[in-house]
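# Structure at a glance
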Amino acid sequence: MLTRNLIRYKIYRQHIKPQFIKTDDQNMLSIAAQLLEVFQNSQGKTRSELLSESKLVIEQSNCNSMITSGLEKLLLDRTKFNTDTQEELLNFRQELFSFTSELHNHGNFQNLDTYYQSIANKFQKNISDIQNQLYSDHPLNQPVSQFKPLSPERLLHRYNCAQVQGLFIHCEHLTIKIVNPDPAHLRQLFKYLRFYQLLAQITELNDTSGFQIRIDGPLSLFFQTQKYGINLALFFPAILHQKEWQLTASIQLKNRTVPLQLELNQTCKILSHYNHFMAYIPEEVTSFQKNFAKKMPSWNIQPSDRLISLPGDTYCFPDYTLTNEIGLTVDLELFHAWHSTPLIYRLKQLEQTKQPGLLLGVCKKLLKDPAIANDIDHSTYFKHFGFFFRDMPTVSSIKPVLETLGK
Amino acid sequence: MEITIAFDKSTLLIKNLPDQILPLLSQVKWDCRTGEHRAPAYCYRDIVLMLRHHKLTYKDFARQFQPHEFPINCRITPRAYQGDALKAWKKQGSRGVVVLPTGAGKTILAVLCIEQTKRPTLVHVPTIDLMHQWYDVLKKYFNIPVGLLGGGSHEIHPLTVATYDSALLYVAHKGNQFGLQIFDECHHLPGAQYQYAALGAIAPFRLGLTATPERSDGKEHLLYQLCGPLCFQRHIHELKGTTLSPYNVVTIEVEMQAEERETYESARQCYIDFLHEEHIFMNQANGWNIFLKKTCQSQKGREAFKAYMLQKQISQASSAKEKHIWQLVRQHAKDRILIFTQDNDMAYRIGKRFFWPVLTHNTKIKERTHFLENFRQGIYSILVTSKVLNEGVDVPEANVGIIVSGSGSIREHVQRLGRLLRAQEGKHAVLYELISKNTSEYFVNKRRRKHSAYQESNTI
């Protein structure tokens, strides 16, 4: 991510506009390629060598150095340095400092030249060699151990994305409108929302063409806070996966009395660097599906792409949809050990409904939390439509609930 | 329906709250995002007291701690003011801020508070060095396993020390496991992020400790809101010579060498000319940001930025200053000397020039502990540092400080002075400040000397 001094924006009236770069601009692509070349060939070079080479590109580029320094920063974030200090160097320092302290304690600090001479004699080395060796593990001297490459075009997209993220750090809340949503994409968006521990208030648009989602965190209810700025910044690339969206964020910069509005939509055309994790299906999930098909042939189970409306203007994205031979369809939502808060919310929402549309699978580890144990104990909904599992649900754990439903 | 209170990511979820109680709890709000009543976690004490006051029964799922005995292993005889501070804190319902100068025994006061409060305790500290220092003290007095959060450790015990940064990562999930929160160097607490370490925890008992509660942003009120009101205060001059060592502050005005002066003047002129040309006023609130932005836009701007850096560097670390450092160190043979710089570069430059140990945030834990230990034992007599020793770390053996350069912050200087003032028999501390004559440093120095600790000082 970029530091505040590398964020470029313009303010007009109460609006703030990030200054994007054109990702197809040949000049920018060429600068990005030159910087990438420096970083790709940096293996084994010290940080100081790497920085002086990239500085050369920056100075020769004729481009605003805020942009080039921003690109450099993003590349540095993808670079790993070897930060180990050799035992030999630690011992050398220890010996040297004990010696110079001894000279000091005995009042043997006369003039600098004789002091240097004593040190050179003691270590049988040239004084400038000792000087160079002394802090040779300083960060500037650390060698590059790894660089994660990317294409010049992707780097420019990352830069534009980082411009928005840098402002989101100072964001109090944001509102997204998603029009004609693809349920699979929307579901992914909510998974990211949950992952970054944000809360959302969802309302359907008047013309039912989509949703308006206001996003902030638990404490945002009580005061204007930028506490969730970093969560919102990390969440932003997930929005870029949606097809049609509009975003309004409230940005509170230091030295500004009133928050500024940031508005953005899909025309910004920034490519997200987050993967579509829908494509990846863990092995245990596949094996659960296989077992299910084998042991309960009367039911068909599929990963869900449905969006279910729940009481109180809330929505749920179940994990699976199950259909039996007579056409009865139910959804299944799983709550793993790290889903304590969503489970508390869900039980509360389902208290008000008696429609058995949603089955709840709850990991037993969640019962360690007494508040959850109490809620489950008192939930009549869970008694009828819930079941427990250890790490992953098994067919035997879900079977009794499905059988009751069938009746 | 019975009232229930649960903890959720730094907030409290309250169910079945009777309507007549709601207006009395101004911090409890209806959360339409989740369809429940919610309050910030730090309101736990007020909510519970209110329910008890109205004799309402409730189920408390939020509190995940029980009373816990912490017997002290060896006898402590508190100094009179420590006893008074403890009394004042307890009188305020075991909440509040105690202001004592560095070296006056804030940690011992905290040990007494932990023993008497009898609740699992989380101590917050700003640095890893301080975390280890607190760990040693708590281990010594309580002789039980002490947890650590920070610097690669993730172990929680009923008695745990955490850096503010690590505590922030844990508070959303573990903010209901401690009954007493102690905030060392608590002037940090009102910071934009750190405040959530206190806001997001339910601990009904809280102790803030600092030598300097003043904040340049004037947010002290938030400190008192989160920790409880100020309950006890002693100033540095009130304890000087009794609990703290007697001391002198000596300011040395350093004349730059002719060649350096010339480079300084021309660099400064280049920087000032750029400000004039671009109509930038550095005394404006966003002057610095405008300057940075403009310097990126042209070759001339980039040169002006380089010139700015050069004149700053020369004024803060001229060769003439290095000569003075050498003279002072020679003058103080057999003394234990701390040398403070404004940034790491300068610290390493001095360390490399004179072959002295340098302690910065880059120094790894093992070597850092080793440097401090050797300094305390006298194996090393000189330690160069930038800002990592500004706060809290005990080096009672140090008796001479040399400030090569620093910011205008009063707190930074009072704290640097505090490093030297831990009382030891026969100790007389001296703090030297090296100021480049006729440079902007002179005004920076003037700003920070407003504190009472600097009232008795000499200028050479």
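### Regarding the sheet that holds strand 14 (residues 329–335) of chain A
Residues and elements named next belong to chain A. If you trace the five strands from one edge of the open sheet to the other, you get 10-13-14-15-16, paired in mixed fashion. The sheet is open, and its two borders are formed by strand 10 (299–303) and strand 16 (386–389), each paired with just one other strand. Neighbour to neighbour, the strand axes of the sheet diverge by 25 degrees on average, direction disregarded. Bridge analysis of strand 15 (residues 358–363) against strand 16 gives four bridges, and the strand direction is parallel. Looking across to strand 16, one finds that Leu 360 is bridged to Gly 386.

### Side note on the state of the cysteines
Residue and element names in this part refer to chain B. Within the structure shown, the criterion is met by zero disulfides over all chains. Cys 43 forms no disulfide, and the closest cysteine sulfur to it belongs to Cys 227, at a distance of 14 Å. Relative accessible area serves as the criterion here: at 4%, Cys 43 is assigned to the buried category. Here Cys 113 is not disulfide-linked; the sulfur of Cys 231 is the nearest cysteine sulfur, at 8.3 Å. When its relative accessible area of 0% is taken as the criterion, Cys 113 is described as buried.

### Observations concerning the interface of chain A and chain B
Where the parts come together, the accessible area they lose is often given as the size of the interface. The partner chain B presents 64 residues to the 63 residues of chain A that form the contact. Taken over both partners, the interface formed by chain A and chain B buries close to 5,500 Å², and the fraction arising from carbon and sulfur atoms is 58%. Scanning the region where chain A abuts chain B turns up five salt bridges. Between B:Arg33 and A:Asp216 there is a salt bridge, with its nearest N and O atoms 2.5 Å apart. Our enumeration of links across chain A and chain B arrives at 23 residue pairs in polar contact (both at pLDDT 80 or more). When contributions to the side of chain A that touches chain B are tallied by element, the ones reaching two or more residues are helix 3 (65–77), helix 4 (87–105), helix 5 (112–123), helix 6 (127–134), strand 6 (199–204), helix 11 (340–350) and helix 12 (370–378) of chain A. Ranked by residue count, the leading element in the side of chain A that touches chain B is helix 4 of chain A, at 11 residues. Considering only residue class, the side of chain A that touches chain B consists of 27 nonpolar, 27 polar and nine charged.

### A short note on the packing of helix 4 of chain A against helix 5 of chain A
All names here are of chain A. In contact at an axis separation of 11 Å, helix 4 and helix 5 are set at 140 degrees when each is read in the N-to-C sense. Taken together, helix 4 and helix 5 sit at an angle that is classed as oblique. The two elements helix 4 and helix 5 meet at a crossing, and its hand is right-handed. Side by side, helix 4 and helix 5 meet where Phe 92, Glu 95, Leu 96, Phe 99, Thr 100 and Leu 103 of the first sit next to Tyr 115, Ser 118, Ile 119, Lys 122 and Phe 123 of the second. Here the contact of helix 4 with helix 5 is composed, by residue class, of seven nonpolar, two polar and two charged.

### Some remarks on the domain arrangement of chain A
Each domain of chain A was delimited in the assignment, giving domain 1 (87–136), domain 2 (169–275) and domain 3 (283–406). Each of domain 1 of chain A and domain 2 of chain A was reduced to a C-alpha centroid, and the two centroids are 58 Å apart.

### Digging into unusual backbone geometry
Residue and element names in this part refer to chain A. A positive phi angle, close to 45 degrees, is found at Asn 180, a residue other than glycine. Note that Asn 180 resides in the loop between strand 5 (171–179) and helix 8 (183–195). Relative accessible area serves as the criterion here: at 53%, Asn 180 is assigned to the exposed category. In this model, Thr 208 sits at a positive phi of 55 degrees, which is unusual for a non-glycine residue. Relative to the helices and strands, Thr 208 is located in the loop between strand 6 and strand 7 (210–216). Residue Thr 208 is classed as exposed on the basis of its relative accessible area, which comes to 54%.

### Structural notes on the pairing of strand 1 (residues 3–8) of chain B
Residue and element names in this part refer to chain B. Of all six residues that make up strand 1, six are buried, and the element is covered over most of its length. The alternating pattern of strand 1 places Ile 3, Ile 5 and Phe 7 on one face and Thr 4, Ala 6 and Asp 8 on the opposite face, and all of these are buried. Two elements, strand 1 and strand 5 (residues 58–60), share three bridges in a ladder whose sense is parallel. From the neighbouring strand, Thr 4 faces strand 5, where its bridge partner is Lys 59. Direction of pairing for strand 1 relative to strand 2 (residues 11–15): antiparallel, over a ladder of five bridges. Its bridge partner lying in strand 2, Thr 4 is registered against Lys 15.

### Overview of the pairing of strand 15 of chain A
All names here are of chain A. Judged by how many residues are buried, strand 15 sits mostly within the fold: six of six residues are covered. Here strand 15 shows two buried faces, one formed by Leu 358, Leu 360 and Val 362 and the other by Leu 359, Gly 361 and Cys 363. The pairing of strand 14 with strand 15 spans five bridges and is classified as parallel. Across the sheet, Leu 334 pairs through a bridge with Gly 361, a residue of strand 15.

### Notes on the sheet that holds strand 13 (residues 230–233) of chain B
Residues and elements named next belong to chain B. A sheet is described by the order of its strands in space; here eight strands give the open sequence 9-8-10-7-11-12-6-13, paired in mixed fashion. The open sheet has two free edges, formed respectively by strand 9 (153–155) and strand 13, since each of these has just one partner strand. Sheet twist, expressed as the average angle between the axes of neighbouring strands with direction ignored, equals 20 degrees. One ladder, built from three bridges, connects strand 6 (residues 95–99) with strand 13; its direction is parallel. Note that in strand 13 the partner of Val 99 across the bridge is Gln 233. Contacting strand 6, strand 7 (121–125), strand 10 (159–163), strand 11 (180–184) and strand 12 (205–210), helix 3 (residues 106–117) crosses the sheet at an angle of about 175 degrees to strand 12. Taken strand by strand, helix 4 (residues 128–142) contacts strand 7, strand 8 (147–150), strand 10, strand 11 and strand 12, and its axis lies near 170 degrees from that of strand 10.

### Structural notes on helix 10 (residues 287–295) of chain B
Residue and element names in this part refer to chain B. Those residues of helix 10 lying buried are Gly 287, Phe 291, Leu 292 and Thr 295. End-on view of helix 10: buried residues confined to an arc of 135 degrees, all on one side of the axis. At its buried positions, helix 10 is contacted by helix 9 (258–277) and helix 11 (299–316).

### Focus on the environment of A:Thr353
As for its placement among the helices and strands, A:Thr353 is situated in the loop between helix 11 and strand 15. The contacts of A:Thr353, once residues within four sequence positions are left out, are A:Pro311 and A:Tyr381.

### Quick look at the environment of B:Ile280
All names here are of chain B. With respect to the helices, strands and loops of the structure, Ile 280 is situated in the loop between helix 9 and helix 10. Judged by its relative accessible area of 5%, Ile 280 falls in the buried class. Contacts of Ile 280, omitting those with residues within four sequence positions, involve Phe 274, Leu 275, Gly 287, Ile 290, Phe 291 and Lys 294.

### A word on the domain arrangement of chain B
Looking at the assigned domains, one finds that chain B contains domain 1 (3–60), domain 2 (80–234), domain 3 (247–256 + 318–459) and domain 4 (258–316). Taking only C-alpha atoms into account, the centre of domain 1 of chain B sits 55 Å from that of domain 4 of chain B.

### Quick word on the side chain of B:Thr4
On the secondary structure map, B:Thr4 appears in strand 1. With relative accessibility at 10%, the residue B:Thr4 sits in the buried group. Setting aside residues up to four positions removed in sequence, B:Thr4 forms contacts with A:Asn374, B:Leu13, B:Ile14, B:Lys15, B:Lys59 and B:Phe61.

Rules and cut-offs
- Residues numbered from 1 in each chain as written.
- Chains lettered and ligands numbered in written order.
- Predicted model: local features only at pLDDT ≥ 70, side-chain atom pairs only at ≥ 80, totals over all residues.
- Heavy atoms only, no water.
- Pairing = 2+ DSSP bridges.
- Helix = DSSP H or I, 4+ residues; strand = E, 2+ residues; numbered from the N terminus.
- Axes fitted to C-alpha atoms, helices over the stretch in contact; angles between N-to-C directions.
- Disulfide = S-S within 2.5 Å.
- Buried < 20%, exposed > 50% of the residue type's maximum accessible area, 1.4 Å probe, protein only.
- Contact = heavy atoms within 4.5 Å.
- Buried area = accessible area lost by both parts, 1.4 Å probe.
- Salt bridge = Lys/Arg side-chain N within 4 Å of Asp/Glu carboxyl O.
- Polar contact = N/O pair within 3.5 Å; in protein donor to acceptor, adjacent residues only side chain to side chain.
- Nonpolar A, V, L, I, M, F, W, Y, C, P; charged D, E, K, R; others polar.
- Parallel < 35°, antiparallel > 145°, perpendicular 65-115°, else oblique.
- Left-handed = near helix turned anticlockwise from the far one by under 90°.
- Domains from an automatic or database assignment.
- Arc of directions from axis to C-beta.

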